[in-house]
Amino acid sequence: MPNNPYADGCAWIEGAYVPIHEARIPILDTGFTHSDVTYDVVAVWNGKFFRLDAHMARFTSSWQRLRMTPSLSVSDMQDILYECVRRSGLRNAYVEMVLSRGVAPAGTRDPRLFDNRFYAYAIPYVWIVQPEDQEIGTHLVICQDTIRISPQAVDPTIKNFHWGDLVRGLFEAYDRGGTTAVLMDADGYLTEGPGFNLFAYYEGCLLTPDSGVLEGVTRRTVLELAEEMAIPAKMDRFRADVLRAADEIFITSTAGGVMPVTVLDDQQVGNGKPGSVTMRLRKRYWDAHDEAHWTSPVDYPA
Ligand code: PLP
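Residues numbered from 1 in each chain as written. Predicted model: local features only at pLDDT ≥ 70, side-chain atom pairs only at ≥ 80, totals over all residues. Heavy atoms only, no water.

The name given to the protein in an unreviewed UniProt entry is branched-chain-amino-acid transaminase, with the source organism recorded as Entotheonella factor. In its Cofactor (unreviewed entry) section, the UniProt record describing the protein reads: "pyridoxal 5'-phosphate". (UniProt positions renumbered as here; feature names shortened; annotations may be inferred.)

### Some details on the overall build of the protein
Check the secondary structure of the protein and you find eight helices and 16 strands. The C-alpha radius of gyration computed for the protein amounts to 20 Å, which stays within 12% of the reference 19 Å derived for 302 residues, consistent with globular compactness. Per-residue burial for the protein yields a buried fraction of 55% across its 302 residues. Sequence-distant contacts in the protein: of pairs separated by 6 or more residues, those separated by 24 or more amount to 70%. When the accessible area of the protein is evaluated, it comes to approximately 13900 Å², of which 51% is carbon and sulfur surface. When the 28 basic and 40 acidic side-chain charges of the protein are each reduced to a single mean position, those positions are 2 Å apart. (Helix = DSSP H or I, 4+ residues; strand = E, 2+ residues; numbered from the N terminus. Rg over C-alpha atoms; globule rule 2.2 N^0.38 Å. Buried < 20%, exposed > 50% of the residue type's maximum accessible area, 1.4 Å probe, protein only. Contact = heavy atoms within 4.5 Å. Areas by Shrake-Rupley, 256 points an atom, 1.4 Å probe, with all protein chains shown as cover. Lys, Arg positive; Asp, Glu negative; His and termini not counted. Charge placed at Lys NZ, Arg CZ, Asp CG, Glu CD.)

### Concerning the pairing of strand 14 (residues 257-264)
Counting buried residues in strand 14 gives seven out of eight residues, a clear majority hidden from the surface. As judged from the three bridges shared by strand 7 (residues 138-147) and strand 14, these two strands associate in the parallel manner. The partner of histidine 139 across the bridge, within strand 14, is valine 263. Judged from the five bridges that link them, strand 13 (residues 248-253) and strand 14 form a sheet pairing that is antiparallel. The residue bridging serine 253 from the neighbouring strand is glycine 257, located in strand 14. What sits between strand 13 and strand 14 in their antiparallel hairpin is a turn of three residues, with glycine 256 showing a positive phi close to 130°. As paired strands, strand 14 and strand 15 (residues 267-268) are joined by two bridges and run antiparallel to one another. When the bridges of strand 15 are listed, valine 263 appears paired with glutamine 268. In this structure, the hairpin formed by strand 14 and strand 15 is closed by a connection of two residues, where aspartate 265 is found at a positive phi of approximately 50°. (Pairing = 2+ DSSP bridges.)

### So, the sheet that holds strand 5 (residues 93-100)
Judged by pairing direction, the sheet is antiparallel, and its seven strands sit side by side in the order 2-1-6-5-3-4-16 without closing on themselves. Taken across any chain shown, the strands that pair with only one partner, and hence form the sheet edges, are strand 2 (16-19) and strand 16 (295-297). With direction set aside, neighbouring strand axes in the sheet form an average angle of 25°. (Axes fitted to C-alpha atoms, helices over the stretch in contact; angles between N-to-C directions.)

### Overview of the pattern of salt bridges
Under the counting rule described, the total for this entry stands at 19 salt bridges. In this structure, glutamate 14 and arginine 117 form a salt bridge, with 2.2 Å as the shortest nitrogen-oxygen distance. Of this pair, glutamate 14 sits in the loop between strand 1 (10-13) and strand 2 while arginine 117 is found in strand 6 (residues 117-124), placing the two residues 103 residues apart along the sequence. Using a relative accessible area of 23% as the deciding quantity, one classes arginine 117 as partly exposed. (Salt bridge = Lys/Arg side-chain N within 4 Å of Asp/Glu carboxyl O.)

### Things to note about the nonpolar core
Judged by nonpolar contacts, the single largest core of 27 residues is most densely connected at Val44, Phe49, Leu81, Val85, Val95 and Phe118. Looking at this core, the element that brings in the most residues is helix 3 (residues 74-88), giving six residues. Setting aside chain neighbours within four positions, we find valine 85 in contact with Val44, Phe49, Leu90, Val95, Ala122, Val298 and Tyr300. (Core = buried A, V, L, I, M, F, W, Y, C linked by side-chain atoms within 4.5 Å.)

### Quick look at the packing of helix 6 (residues 217-228) against helix 8 (residues 276-287)
Two elements in contact, helix 6 and helix 8, have axes whose closest approach is 10 Å; the angle formed by their N-to-C orientations is 110°. Overall, the two elements helix 6 and helix 8 adopt an arrangement that is roughly perpendicular. Between helix 6 and helix 8, the residues in contact are Thr218, Thr221, Val222, Leu225, Ala226 and Glu228 and Leu281, Arg284 and Tyr285, respectively. Among the residues making up the contact of helix 6 with helix 8, the classes are represented as five nonpolar, two polar and two charged. (Parallel < 35°, antiparallel > 145°, perpendicular 65-115°, else oblique. Nonpolar A, V, L, I, M, F, W, Y, C, P; charged D, E, K, R; others polar.)

### Section: helix 5 (residues 164-175)
Compared with an ideal rise of 1.5 Å per residue, which puts 12 residues at 16 Å, helix 5 spans 17 Å between its outermost C-alpha atoms and is within 8% of the ideal. Among the residues making up helix 5, those that are buried are Asp165, Leu166, Gly169, Leu170, Glu172 and Ala173. Axial view of helix 5: buried residues confined to an arc of 160°, hence all on one face. Residues Gly164 and Asp175 are exposed on helix 5 and point more than 90 degrees away from its buried face. The secondary structure elements touched by the buried residues of helix 5 are strand 7, strand 8 (180-184) and strand 9 (192-193). (Expected span 1.5 Å × (residues − 1). Arc of directions from axis to C-beta.)

### Overview of the confidence of the model for the protein
Taken over all residues, the pLDDT of the protein has a mean of 98, while the share at 70 or more is 100%. This prediction of the complex comes with two scores: 0.98 for pTM and 0.99 for ipTM. (pLDDT = per-residue confidence, 0-100.)

### Considerations on the environment of alanine 245
Residue placement: alanine 245 occurs in helix 7 (residues 240-245). The exposure class of alanine 245 is partly exposed, given its relative accessible area of 44%.

Put into structure tokens, the structure is as follows:
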């Protein structure tokens, strides 16, 4: 598609498709001013959505629990996601859907009275850890200065824009020579990091925090694949001592898949190379992107 105005990405804002760099939301939108918003991100890989149903279900559960009501049906929203990808022509895309509380009607701040607003966009696929860096493994820092926002304050199972703790954690990681960070909760249990869930392979079993985290679709996929591959796995709380003693560590996200960690704070993980269980799961994860039961093809223009 030569001269495609959507080649860098396509957004859907207030009823119209617009090139990504022209997409604007109103400055009074409370998604922006109050983080009164939820969102979800699904990947398109090799021209196919991966686990779109799981992302739509999580998104729906999120806005329902925030007591929002979109003016569009879930099927309309899904059609818009397809159209954003179709127009962009992107074969590998990061596709975001957003439902914001919206703009306050004149003279009130009562959130029950707002018209909730749906936004969506598709941009080129985003990697939390670049594929070439995944071959070496990334450097994860356990934050000491910042803890994860309490689930009693902001429910992390509702995907949200409250990233103040996660971004602060990232800066701590950079200051300590790392590339990304994982945060503990107030009781010292590990939670998650900026855009990813955490896994440890410890004493022959995969561990991932069972609470205080977003229920990542990639995390769920890894748990399902581990079962298929007869790799023992469980969701449970664990602290830094277990992570430090783990044979393997990896992080998971729609933005990057299964990403090996080879340095934790200033200590090498295992033998300092991406672990074999991690790499088997990583391969299986990407192979699954071609399997019909988890994928839905985009009908690109000829
Ligand atoms: N945890 C947080 C805080 C996230 O923002 C994300 C994704 O953006 C994840 C975990 C991973 O979730 P998923 O695998 O569904 O992309």
